[in-house]
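Take a look at the letters that make up each chain.
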Amino acid sequence: MEKLQDKPTEKEPGVLKAPMERRMFMRYAGATAALTTLLFATTSCDEDGDDMPMDPTAVDLGKGDTGILNYAYALEQLEAAFYAEVVAKSLGLFSQTEQQIMQDIKGHEGIHRDFLKAALGTSAIRDLEVNFSSINFNDKNSILTTARTFEDLGVAAYNGAGKLLENAGFLTLAGKIVSVEARHAAVIRDLISNGTFSDSANNQGLDPAMMPADVLAAAAPFIKTKISANNLPK
Amino acid sequence: MNIFKIIEDIEKVDPEVYNRLDSRRNAFKGLGTIGKKAAMAAVPFALASVFQKAYGQGNNTVLEVLNFALKLEYLERNFYTQALASSGLIPEGAARGAIQKIQMHEAAHVEILKTTIQSLNGTPISEPTFNFGKNFPDWNTNYQTFLTLAQAFEDTGVRAYKGQAANLISNDAVLTAALQIHSVEARHAAHIRRMRNNQGWIVGAGANSNVPAGAQPVYAGEENVAQGGINDITKLGAGYSAEIASGAFDEPLTKEQVAAIVSLFE
C-alpha cells in the first residue's frame, strides 16, 4: 500500500507562494501553547459528530471508516441475498449464458459480503433481513430490472462513499469492488437492452455518485431491518 | 485563539480553504489522530502537516494524477475517433452505436480533466501523438484486432484510475470525479468484453480475456486472491473458486505499469 501513498514533498507548496498566506500560516503554526490546548479540546470532541438519538431497533452502521465499510457490507448483503434467490428460484428463466452470468454475480456478491464481514470482524453489523416481496422471481424482466437497480445503486454508493474514507488502503479496496459492480451493471443493462451498458452516465461521461442517506433510502424498500446512518461521516 | 478562528482567518485570503482541507471535520480528524500518537511537543508539526497536506504536495500530486489520466483519455479518444473514421472497420448497427457512445464518453473525459486541471491552476498536457499500428499494424483494418485493443485500453483504464485513487484522497471533489470516470470505464470494458464473447469481468491473470501474449501486462496481477489482509479469500465460504475470487475484485496498476502499456502505442 505504501506505494500508493502521497510521496514526500519535493517542491515549494504552490498555494503558499502568496506572501500573505504564508505569513499567516507561519504565525498560526508557531502558536504552540494555544494549539496544545486546542488539540486536546479537538481530540475529545471526536470524529463524526453528533451521535443523534435513533430508533433502538435500528442497526447502527457506526462512525468513521468502520461505518463506511459497514455501509458497503449492508449493500453487499442485499445484493448477495438477491442473487442467491435468483439462482435458487429462477435460473430456468435464463439462457445458458445468462445462467452463467447470474451464477458469477452471485459468487462475486457473496464474496464481497463475506470479505467485508471478515474485514470488519467484531465491528461488523448483524445480518440484515431483506424484503423481496416486490420482486417476481418467476419473471425475467422483474429480476433483471431489480438487478439493474441494485448494481447501479451499488456503483453510485461506492462512488459517493470514496471521499468519506480516511484510510487510503480502504479506498483502494473500495475501488477494487466498485469497478466489478460497474461491470455487473453494464452486463445486466445489456441483457435488458443491448447497448445501454453506460447509459447511467451523464453528458460529462460521469456515473452518479450518491451519498449514504440517499442510497439507503433507495434500498429501504428491499431491507426489513432498519438501518441508521446517523453516525456516518458526512 | 481557536482552530475555527484560524481557518476563518485563512478563509479571508483563501476562500477555498475548506475544500483544501477536505472539510472542517477532516482537518480536525487529522489533528485528533495525530494528537493521540504524538507528544505535546509535536503539536505544531501536527497542525503543519494538516496544512501541508492541504496546500503542499496535495495539489501537485493531484495535478500529476490528472495529467496522467488525461493522457490515457487522449489515447482512448484518439483510438476510437480514428477507428470510427476507418471505413468498413466497425460494423453498422449495435457495434457502431456502442463504439460511438464510448468515444463520446472518452471525449467528455478529456474535457472534464482539462477543465479540472485548469481550475487547480495546472496546465493540461497537450495531446501526444499515438501510433496504434506500431505493434498492431492491422488495428484499423481488422475488426477483431481493433476490439482486442479496445478491451485492453478499457481494462487498463479501469486499473489505472484505481491505482491513483489513493493519491487523490486529499481532494474530495477530484477523487469523486475520478471514481465517476473509473466506473464508466469499467462499464465500457464489460461491454467490449461481451462484444468479444468474453465474460464482462476479469478472471485470473487474463485467463478469460482472450488476448495475445504481448497484452499480458494489461492483466498482470489480476489473479490476486489476497485482499485487505486476508490471505486467501476463496476460504471465506463454500463454493468460492479462484475464478470467482479474482473476478470479484479488480486490481490496480501502478503508473509505471500503465506507462509501459501505453508505450506500445507511442
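Residues numbered from 1 in each chain as written. Chains lettered and ligands numbered in written order. Predicted model: local features only at pLDDT ≥ 70, side-chain atom pairs only at ≥ 80, totals over all residues. Heavy atoms only, no water.

## Side note on the overall build of chain A
Logical step 1: Scanning chain A for helices and strands turns up seven helices and two strands.
Logical step 2: Its helices and strands taken in sequence order, chain A reads α-α-β-α-α-α-α-α-β from the N to the C terminus.
Logical step 3: Every one of the 234 residues in chain A was classed for burial, and the buried ones make up 54%.
Logical step 4: Considering only contacts within chain A whose residues lie at least 6 apart along the sequence, 77% involve residues at least 24 apart.
Logical step 5: Accessible area of chain A: about 10100 Å², with a carbon and sulfur share of 53%. (Helix = DSSP H or I, 4+ residues; strand = E, 2+ residues; numbered from the N terminus. Buried < 20%, exposed > 50% of the residue type's maximum accessible area, 1.4 Å probe, protein only. Contact = heavy atoms within 4.5 Å. Areas by Shrake-Rupley, 256 points an atom, 1.4 Å probe, with all protein chains shown as cover.)

## Structural notes on the overall build of chain B
Logical step 1: Within chain B one finds 10 helices and zero strands.
Logical step 2: For chain B, the succession of helices and strands along the chain, N to C, is α-α-α-α-α-α-α-α-α-α.
Logical step 3: For chain B, the residues scored as buried account for 59% of the 266 residues in total.
Logical step 4: For chain B, contacts bridging at least 24 residues in sequence account for 70% of all contacts bridging at least 6.
Logical step 5: With an accessible surface of roughly 10200 Å², chain B has 56% of that area assigned to carbon and sulfur atoms.

## Section: the pattern of salt bridges
Opposite charge on two side chains permits pairing when their charged atoms draw close.
Logical step 1: Per the stated rule, a full pass over the model turns up 20 salt bridges over all chains.
Logical step 2: Close ionic contact of Arg 183 of chain A with Asp 250 of chain B constitutes a salt bridge, the shortest N to O distance being 2.8 Å. You can see Arg 183 of chain A sitting in helix α6 (residues 168-192) and its partner Asp 250 of chain B sitting in the loop between α9 (242-247) and α10 (255-262), one on each of two chains. Asp 250 of chain B shares its class with Arg 183 of chain A; the two are buried.
Logical step 3: Among the ionic pairs, Asp 207 of chain A bridges to Arg 187 of chain B, the shortest N-O distance being 2.8 Å. Remark: Arg 187 of chain B occurs in helix α8 (residues 172-195) and Asp 207 of chain A occurs in the loop between α6 and α7 (212-219); the pair is interchain, linking two chains. The exposure classification of Asp 207 of chain A matches that of Arg 187 of chain B, with both residues buried.
Logical step 4: Members of the salt-bridge network, linked through shared partners, are Asp 152, Arg 189 and Asp 207 of chain A together with Arg 187 of chain B. (Salt bridge = Lys/Arg side-chain N within 4 Å of Asp/Glu carboxyl O.)

## Some words on the nonpolar core
Grouped burial of nonpolar side chains is what soluble globular proteins tend to show.
Logical step 1: Core analysis: the largest hydrophobic core is formed by 128 residues, its most contacted members being Tyr 71, Phe 82 and Met 102 of chain A together with Phe 79, Ile 90 and Phe 146 of chain B.
Logical step 2: The greatest single-element share of this core, amounting to 14 residues, is contributed by helix α5 (residues 57-85) of chain B.
Logical step 3: Among residues more than four places away in sequence, those in contact with Phe 146 of chain B are Phe 79, Tyr 80, Ala 83, Leu 89, Ile 90, Ile 99 and Trp 139 of chain B. (Core = buried A, V, L, I, M, F, W, Y, C linked by side-chain atoms within 4.5 Å.)

## Side note on the packing of helix α3 (residues 64-89) of chain A against α7 of chain A
A pair of packed helices can be characterised by two numbers: the angle between their axes and the separation between those axes.
Residue and element names in this part refer to chain A.
Logical step 1: Packing of α3 against α7 leaves a shortest axis separation of 12 Å and a crossing angle of 20 degrees. The pairing of α3 with α7 is recorded here as roughly parallel in orientation. Crossing handedness for the pair α3 and α7: left-handed. Residue-level inspection shows Tyr 71, Leu 75 and Leu 78 of α3 in contact with α7, the latter providing Pro 212, Val 215, Leu 216 and Ala 219. (Axes fitted to C-alpha atoms, helices over the stretch in contact; angles between N-to-C directions. Parallel < 35°, antiparallel > 145°, perpendicular 65-115°, else oblique. Left-handed = near helix turned anticlockwise from the far one by under 90°.)

## Let's talk about empty space enclosed by the protein
Logical step 1: Per the stated rule, a full pass over the model turns up six cavities of 30 Å³ or more.
Logical step 2: Computed from the structure, the largest cavity encloses a volume of approximately 90 Å³.
Logical step 3: For the lining of the largest cavity, a count of residues per class yields 10 nonpolar, two polar and no charged. (1 Å grid on protein atoms, 1.4 Å probe; cavity = no way out; pocket = protein on both sides within 12 Å on 5 of 7 lines; lining within 4 Å. Points joined across faces, edges and corners; volume = space filled by probe spheres on them. Nonpolar A, V, L, I, M, F, W, Y, C, P; charged D, E, K, R; others polar.)

## Remarks on the confidence of the model for chain A
Do not read the fine detail of predicted coordinates wherever pLDDT is low.
Logical step 1: Taken over all residues, the pLDDT of chain A has a mean of 83, while the share at 70 or more is 77%.
Logical step 2: Ignoring residues within four places in sequence, the model shows residues 1-50 of chain A, a span with pLDDT below 50, making 76 contacts including any to other chains. (pLDDT = per-residue confidence, 0-100.)

## Here's the deal with the packing of aromatic side chains
Logical step 1: Applying the stated criterion across every chain, the model contains 21 aromatic pairs over all chains.
Logical step 2: When the centroid spacing of 4.8 Å and the interplanar angle of 85 degrees are considered together, the rings of Phe 150 of chain A and Phe 222 of chain A count as edge-to-face. In this pair, Phe 150 of chain A is assigned in helix α5 (residues 140-161) and Phe 222 of chain A in the loop between α7 and β2 (227-228), connecting sequence segments 72 residues apart. Exposure class is identical for Phe 150 of chain A and Phe 222 of chain A. Each is buried.
Logical step 3: Ring plane angle 65 degrees and centroid distance 5.2 Å describe the contact between Phe 79 of chain B and Tyr 80 of chain B, whose orientation is recorded as edge-to-face. With respect to burial, Phe 79 of chain B and Tyr 80 of chain B carry one shared label: buried.
Logical step 4: An aromatic cluster is present here, built from Phe 79, Tyr 80, Phe 130, Phe 132, Phe 136, Trp 139, Tyr 143, Phe 146, Phe 153 and Phe 265 of chain B joined pairwise through their rings.
Logical step 5: Positioned above the aromatic ring of Phe 197 of chain A is the side chain of Lys 101 of chain B, whose terminal nitrogen or guanidinium carbon lies 5.8 Å from the ring centre.
Logical step 6: A cation over an aromatic ring shows up here: Lys 255 of chain B above the ring of Phe 68 of chain B, its NZ or CZ 5.7 Å from the ring centre. (Phe/Tyr/Trp six-rings, centres within 6.5 Å; stacked < 30°, edge-to-face > 60°. Lys NZ or Arg CZ within 6 Å of the ring centre and 35° of its normal.)

## Some thoughts on helix α7 (residues 143-164) of chain B
Logical step 1: Counted at 1.5 Å a residue, the expected span for α7 of chain B with its 22 residues is 32 Å, and the 32 Å between its end C-alpha atoms agrees.
Logical step 2: Capping the start of α7 of chain B is the job of one residue whose side-chain oxygen sits 2.9 Å from the backbone nitrogen of Gln 144 of chain B: Asn 142 of chain B. (Expected span 1.5 Å × (residues − 1). Polar contact = N/O pair within 3.5 Å; in protein donor to acceptor, adjacent residues only side chain to side chain.)

## Here we look at the side chain of Glu 76 of chain A
Residue and element names in this part refer to chain A.
Logical step 1: Residue placement: Glu 76 occurs in helix α3.
Logical step 2: The side chain of Glu 76 is buried and forms no salt bridge, while Arg 113, the nearest opposite charge, is found at 8.3 Å.
Logical step 3: Here Glu 76 is in contact with Glu 109, His 112, Arg 113, Leu 116, Tyr 158, Ile 177 and Glu 181, once residues within four sequence places are set aside. (Lys, Arg positive; Asp, Glu negative; His and termini not counted.)

## Observations concerning α8 of chain B
All names here are of chain B.
Logical step 1: End to end, α8 covers 35 Å across 24 residues, agreeing with the expected 34 Å (1.5 Å per residue, within 8%).
Logical step 2: α8 sits mainly inside the fold: 20 of its 24 residues count as buried.
Logical step 3: N-cap assignment for α8: the residue whose side-chain oxygen lies 3.2 Å from the backbone N of Ala 173 is Asn 171.
Logical step 4: Residue Asn 197 follows α8 closely and has a positive phi angle near 60 degrees.

## Quick notes on the packing of α6 of chain A against α8 of chain B
Logical step 1: In contact at an axis separation of 8 Å, α6 of chain A and α8 of chain B are set at 45 degrees when each is read in the N-to-C sense. The orientation of α6 of chain A relative to α8 of chain B falls into the category oblique. As for the relative orientation of α6 of chain A and α8 of chain B, their crossing is right-handed in sense. Contacts between α6 of chain A and α8 of chain B involve Leu 171, Gly 175, Val 178, Ser 179, Ala 182, Arg 183, Ala 185, Ala 186, Val 187, Arg 189 and Asp 190 of chain A on the former and, on the latter, Leu 175, His 182, Ser 183, Ala 186, Arg 187, Ala 189, Ala 190, His 191, Arg 193 and Arg 194 of chain B.
Logical step 2: For the contact of α6 of chain A with α8 of chain B, a count of residues per class yields 10 nonpolar, five polar and six charged.

## Concerning the confidence of the model for chain B
All names here are of chain B.
Logical step 1: Scored by pLDDT, chain B has a mean of 87; 78% of the residues are at 70 or more.
Logical step 2: The model gives residues 27-46 a pLDDT under 50, and that stretch makes 27 contacts with residues more than four places away or in other chains.
Logical step 3: In the predicted assembly, ipTM is 0.81 and pTM is 0.80.

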